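Structural description and commentary
Here are the chains, one letter per residue:
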Amino acid sequence: MKVKLDEKIEPIFQEVIKRNPGEIEFHQAVREVLESLGPVLVKHPEFGHHKIIERICEPERQIIFRVPWQDDKGEVQINRGFRVEFNSALGPFKGGLRFHPTVYLGIIKFLGFEQIFKNALTGMPIGGGKGGSDFDPKGKSEEEVMRFCQSFMIELYRHLGEYTDVPAGDIGVGSREIGYMFGQYKRITNRYESGVLTGKGLDWGGSTVRTEATGYGTVYFVDEMLKMRGESFEGKVCLVSGAGNVAIYAIEKIHQLGGKVVACSDSNGVIYDPKGIDLPLVKQLKEVERRRIKHYAEHHKRAKYVPNGNIWEIPCQVAMPSATENEINGTDAEKLVKNGCTAVGEGANMPTTPEGIRVFLDAGIAYGPGKAANAGGVATSALEMQQNASRDAWSFEYTERRLAEIMKNIHKLCYEVTEEYGTPGNYVNGANIAGFIKVAKAMVALGLV
Ligand code: NDP
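Residues numbered from 1 in each chain as written. Predicted model: local features only at pLDDT ≥ 70, side-chain atom pairs only at ≥ 80, totals over all residues. Heavy atoms only, no water.

1. What to know about the environment of Lys-236
How we decide: By definition, any uninterrupted DSSP run of H or I lasting at least four residues is a helix, any uninterrupted run of E lasting at least two residues is a strand, and each is numbered from the N terminus. Type-normalised accessible area, obtained with a 1.4 Å probe on protein chains alone, sets the label of each residue: buried when under 20%, exposed when over 50%, and partly exposed for intermediate values. Should any heavy atoms of two residues lie within 4.5 Å, those residues are counted as being in contact. For the purposes of these results, a polar contact is taken to be a pair of N or O atoms within 3.5 Å, where, inside protein, one atom must be able to donate a hydrogen and its partner to accept one; residues adjacent in sequence count only when each atom of the pair is a side-chain atom.
Looking at where Lys-236 falls in the secondary structure, it is placed in the loop between α8 (210-228) and β6 (237-240). Lys-236 sits in the buried class, given a relative accessible area of 11%. For the pair Lys-236 and Asp-392, spaced 156 residues apart in the sequence, the C-alpha separation amounts to 39 Å. Ignoring anything within four residues of it in the chain, the contact list for Lys-236 reads Glu-231, Gly-258, Gly-259, Lys-260, Gln-317 and Val-318. Polar side-chain contacts of Lys-236 include one of 2.9 Å to the backbone oxygen of Ser-232.

2. Comments concerning the side chain of Ser-133
Its location among the elements puts Ser-133 in strand β4 (residues 128-133). On the accessibility criterion, Ser-133 (0% relative accessible area) is buried. With near-sequence residues (within four places) excluded, Ser-133 lies in contact with Asn-79, Arg-80, Gly-81, Arg-98, Phe-99, His-100, Val-103, Phe-148 and Phe-152.

3. Notes on the pairing of strand β8 (residues 269-272)
Here is the rule we go by: By the convention used here, strands pair only if DSSP detects at least 2 bridges between them.
Judged from the four bridges that link them, strand β7 (residues 260-266) and β8 form a sheet pairing that is antiparallel. Each residue of the ladder has a partner; that of Asp-266, found in β8, is Gly-269. The hairpin formed by β7 and β8 contains two residues between the paired strands. Taken together, the four bridges between β8 and strand β9 (residues 304-307) define a ladder with antiparallel strand orientation. Within β9, the position partnered with Tyr-272 by the bridge is Lys-304.

4. Topic: the sheet that holds strand β2 (residues 76-87)
Note the threshold: Structural elements are reduced to axes, namely lines fitted to C-alpha atoms, with helices fitted over the stretch in contact, and the angle between N-to-C directions of any two is expressed from 0 to 180 degrees.
Taken together, five strands build an open sheet; the order of strands is β1-β2-β4-β3-β5 and the sheet is mixed. Every interior strand has two partners, whereas the edge strands, β1 (61-70) and β5 (165-168), have only one. The mean angle between the axes of side-by-side strands here comes to 20°, regardless of whether they run parallel or antiparallel. Helix-sheet contacts for helix α5 (residues 105-122) involve β1, β2, β3 (93-99) and β4, and the interaxial angle to β4 is about 150°.

5. With respect to the pattern of salt bridges
Our working definition: The term salt bridge refers to a side-chain nitrogen of Lys or Arg lying within 4 Å of a carboxyl oxygen of Asp or Glu.
With the rule as written, the count across this model stands at 30 salt bridges. Note that Arg-302 and Asp-273 form a salt bridge whose closest N and O atoms lie 2.7 Å from each other. Of this pair, Arg-302 sits in the loop between α11 (296-299) and β9 while Asp-273 sits in the loop between β8 and α10 (279-288); the two residues are 29 residues apart in sequence, bridging distant segments of the chain. Salt bridges sharing common partners tie together Arg-98, Lys-130, Asp-170 and Glu-325.

6. Some details on the domain arrangement of the chain
Short version of the rule: For the purposes of this description, domain bounds are those given by an automatic or database domain assignment. Buried area counts how much accessible surface, traced with a 1.4 Å probe, disappears from two parts once they are put together, with both parts' losses summed. Each residue is assigned to one class: nonpolar for Ala, Val, Leu, Ile, Met, Phe, Trp, Tyr, Cys and Pro, charged for Asp, Glu, Lys and Arg, and polar for all the others, Gly among them.
Taken as a whole, the chain is organised into domain 1 (10-56), domain 2 (61-192) and domain 3 (212-373). One C-alpha centre belongs to domain 2, the other to domain 3; they are set 27 Å apart. If you look at the interface, domain 2 gives 13 residues, while domain 3 gives 11 residues. Buried surface at the junction of domain 2 and domain 3, both sides included, amounts to about 990 Å², of which 49% is carbon and sulfur. When the buried area of domain 2 at its contact with domain 3 is split by residue, Phe-110, Glu-114 and Lys-118 rank highest and sum to 45% of it. For the pair domain 2 and domain 3, the interface holds two salt bridges. Between Lys-371 and Glu-114 there is a salt bridge, and its shortest N-O distance comes to 3.5 Å. Viewed at the interface, domain 3 and domain 2 are joined by three residue pairs in polar contact (both at pLDDT 80 or more). Considering each element in turn, the side of domain 2 that touches domain 3 owes the most residues, seven residues, to α5. Residues of the side of domain 2 that touches domain 3, tallied by class, amount to six nonpolar, no polar and seven charged.

7. Side note on the sheet that holds strand β11 (residues 343-345)
Taken in spatial order, the seven strands line up as β9-β8-β7-β6-β10-β11-β12 in an open sheet, and their pairing is mixed. Pairing within the sheet leaves two strands with one partner each, and these edge strands are β9 and β12 (366-368). With strand direction ignored, the average angle separating the axes of adjacent strands in the sheet is 15°. Here β6 pairs with strand β10 (residues 318-320) via three bridges, running parallel. Along β10, the bridge assignment pairs Leu-239 with Ala-319.

8. Regarding the packing of helix α1 (residues 10-19) against helix α2 (residues 24-43)
Packed helices, taken two at a time, are described by the angle their axes make and the gap between the axes. To be explicit about the condition: Oblique is the label for every angle not falling under 35 degrees (roughly parallel), over 145 degrees (roughly antiparallel), or within 65 to 115 degrees (roughly perpendicular).
Taken N-terminus to C-terminus, the directions of α1 and α2 make an angle of 170°; their axes are 10 Å apart at the nearest point. Judged by the inter-axis angle, α1 sits roughly antiparallel to α2. Residues Phe-13, Val-16 and Ile-17 of α1 form the contact with α2, whose participating residues are Phe-26, His-27, Val-30, Arg-31 and Leu-34. Split by residue class, the contact of α1 with α2 holds six nonpolar, one polar and one charged.

9. Thoughts on the site of the ligand
Quick reminder of the rule: Proximity is defined per residue: if any heavy atom of the residue lies within 4 Å of a molecule or strand, that residue is considered near it.
Residues in close proximity to the ligand total 25 residues, the closest being Asp-170, Thr-214, Ser-267, Arg-292 and Asn-349. Measuring from an oxygen atom of the ligand, one finds a side-chain N or O atom of Arg-292 at 2.3 Å. Here an oxygen atom of the ligand and a side-chain polar atom of Asn-349 are 2.8 Å apart. Elements supplying a minimum of two residues to the shell around the ligand: α8, α9 (245-256) and β7. Two domains share the shell around the ligand, each providing at least three of its residues, namely domain 2 (61-192) and domain 3 (212-373).

Set out below in structure tokens:
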């Protein structure tokens with residue numbers, strides 16, 4: 001059953017649906033935030049007066065462009081590129097680029113909208129934005145990926161700048177793609193502007209811990225939630241969906257903290273290893289060889305590969321969805337709770353459907369929504385920008401300490417807000433309200449812009 005929206009907020013939401021037809025993921029992300037905001041308008045009537053909610057739901061700028069490129073056979077291919085610059089009240093637009101065939105405007109807008117609040121929670125001076133393309137890097141040669149990235153940047157570069165808009169990676173975009181895009185930006189502008197993209201390689205302006213940051217940060221956030229309940233990762237059986245950047249480093253940190261991850265996945269299937277996932281093997285398969293997760297089973301006879309399997313059917317105590325949106329539905333959530341899961345930390349963005357979220361909240365388990373839990377990636381991107389601005393490079397230990405501190409602070413901020421608003425431990429409200437208030441106050445202060 002859907003939560004009823006506040007009577008002042010319902011018409012705003014209806015208007016969002018009308019103005020953005022067919023963009024269902026964007027509607028879902030907006031509704032989830034608006035469900036938390038009724039009590040905020042009562043405490044802060046000025047936000048209503050300044051029409052902050054209406055303004056925050058409308059991106060400052062949306063760019064859609066053609067990306068033509070040539071494949072290895074010499075044939076012309078055409079993709080569509082997007083950059084949604086959602087809100088710059090707190091700093092330059094900041095948020096990743098996603099290359100995946102499912103990308104369309106509604107996906108980029110949902111991600112950009114969430115990014116506004118996530119970035120606010122980090123306490124760093126960064127606004128919210130997101131971009132990407134329906135280009136599918138899978139099965140493409142190195143040269144094809146490079147030609148695509150270069151063509152993508154030929155249009156995007158004019159919208160970027162270290163004080164304007166600073167993209168990073170997301171699904172399908174790692175340091176290889178960031179490298180090709182940074183190279184093209186440098187060539188077009190004749191500027192070595194390190195702070196214009198984050199997620200760069202360590203030899204050319206990147207930051208230590210950026211690769212690990214989202215996965216590590218999400219685990220730190222779950223660890224904080226567990227501590228509130230007098231628990232820890234020690235000895236806990238965990239599931240991590242996906243086998244990409246976020247999933248790999250979530251698994252690494254869980255293992256460091258004494259937990260055992262028994263399953264991970266990709267879009268073709270699930271690998272279950274009762275002895276615990278062999279992470280060096282996953283890294284070799286996914287980061288070096290760029291192969292499918294099914295090959296894991298060829299190396300370990302005890303492991304089982306289930307094509308099109310559902311990872312959430314495996315009993316666990318901690319679940320970390322780290323693949324994509326809406327990967328846990330109401331039925332999956334019920335199964336997780338029934339099987340003894342007591343904590344969920346979202347490495348992915350919006351991986352749980354509204355029905356699933358309701359199940360977790362009703363069951364009273366520790367549920368850390370992506371906006372708060374996976375903010376460590378963008379926070380470390382902001383640390384990369386700091387290092388670029390000061391021509392500095394920090395050690396792994398120092399940067400990880402900064403990340404851990406940031407995640408602790410985000411948890412504390414969210415938890416305190418849930419107490420202030422009378423829903424202690426409801427991190428959905430905590431993340432939405434704390435993030436919103438920060439941006440709303442800045443928007444009021446900056447006037448009608
Ligand atoms: P990667 O491309 O590195 O990995 C994505 C993983 O998820 C792959 O294993 C992929 O499998 C799987 N996956 C992707 N789409 C689907 C799908 N539609 N169905 C099933 N599985 C899928 O991306 P990231 O690890 O960077 O991103 C994962 C999630 O984390 C996303 O939601 C992203 O928005 C979020 N996130 C990422 C951050 C970052 O710093 N990278 C920061 C904050 C959030 P396959 O290879 O088969 O496609």
